[in-house]
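Residue-level listing of the chains:
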Amino acid sequence: MLYIQQPEEQISKLLSAIGQPARIQILIVIGAREACVCHLEAALGVRQASISQHLMVLRKVGLVASQRDGRNIFYSLTRPEIIHILEQAAC
């Protein structure tokens, strides 16, 4: 049997994924322009391993996509409208 997620389940999953301040910071940084982990590390002052774990969660829910360029992997938003939602939530 095929399981289809209800909208409230999808929303809950999304909010859970962005429920940590570090993930919100990552979304804001890559919302301005795509970035690699080294850029995020410099911008946020967070260890590479921690950033990679947060990016994995954000990729899993479909908010972030990755693209390899040589040795670096660059991350970008798949749903840029998330920035507007975060700005509205901050008010």
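From a predicted model like this one, the values you see are computed outputs, not experimental measurements.

(A) Fine view of the packing of helix H2 (residues 21-32) against helix H5 (residues 81-90). Contact pair H2 / H5: the axes reach a minimum separation of 10 Å and the direction vectors enclose 125°. Between H2 and H5, the angle falls in the class oblique. Between H2 and H5 the crossing geometry is left-handed. Counting all contacts with H2, which are made through Ile 24, Leu 27, Ile 28 and Gly 31, the residues of H5 involved are Ile 82, Ile 83 and Leu 86. When grouped by side-chain class, the residues that make up the contact of H2 with H5 number six nonpolar, one polar and no charged.

(B) Up close: the environment of Glu 41. In this fold, Glu 41 is placed in helix H3 (residues 37-44). For the pair Glu 41 and Tyr 75, spaced 34 residues apart in sequence, the C-alpha separation works out to 13 Å. Excluding anything up to four places from it in sequence, Glu 41 contacts Val 46, Arg 47, Gln 48 and Ile 51.

(C) Molecular detail of the pairing of strand E2 (residues 64-69). Pairing of E2 with strand E3 (residues 72-77), which is carried by six bridges, proceeds in the antiparallel orientation. When the bridges of E3 are listed, Asp 69 appears paired with Asn 72. Where E2 folds back onto E3 in an antiparallel hairpin, the turn is made up of two residues, including Gly 70, whose phi is positive at roughly 70°.

What counts and how
- Residues numbered from 1 in each chain as written.
- Predicted model: local features only at pLDDT ≥ 70, side-chain atom pairs only at ≥ 80, totals over all residues.
- Heavy atoms only, no water.
- Axes fitted to C-alpha atoms, helices over the stretch in contact; angles between N-to-C directions.
- Helix = DSSP H or I, 4+ residues; strand = E, 2+ residues; numbered from the N terminus.
- Parallel < 35°, antiparallel > 145°, perpendicular 65-115°, else oblique.
- Left-handed = near helix turned anticlockwise from the far one by under 90°.
- Contact = heavy atoms within 4.5 Å.
- Nonpolar A, V, L, I, M, F, W, Y, C, P; charged D, E, K, R; others polar.
- Pairing = 2+ DSSP bridges.

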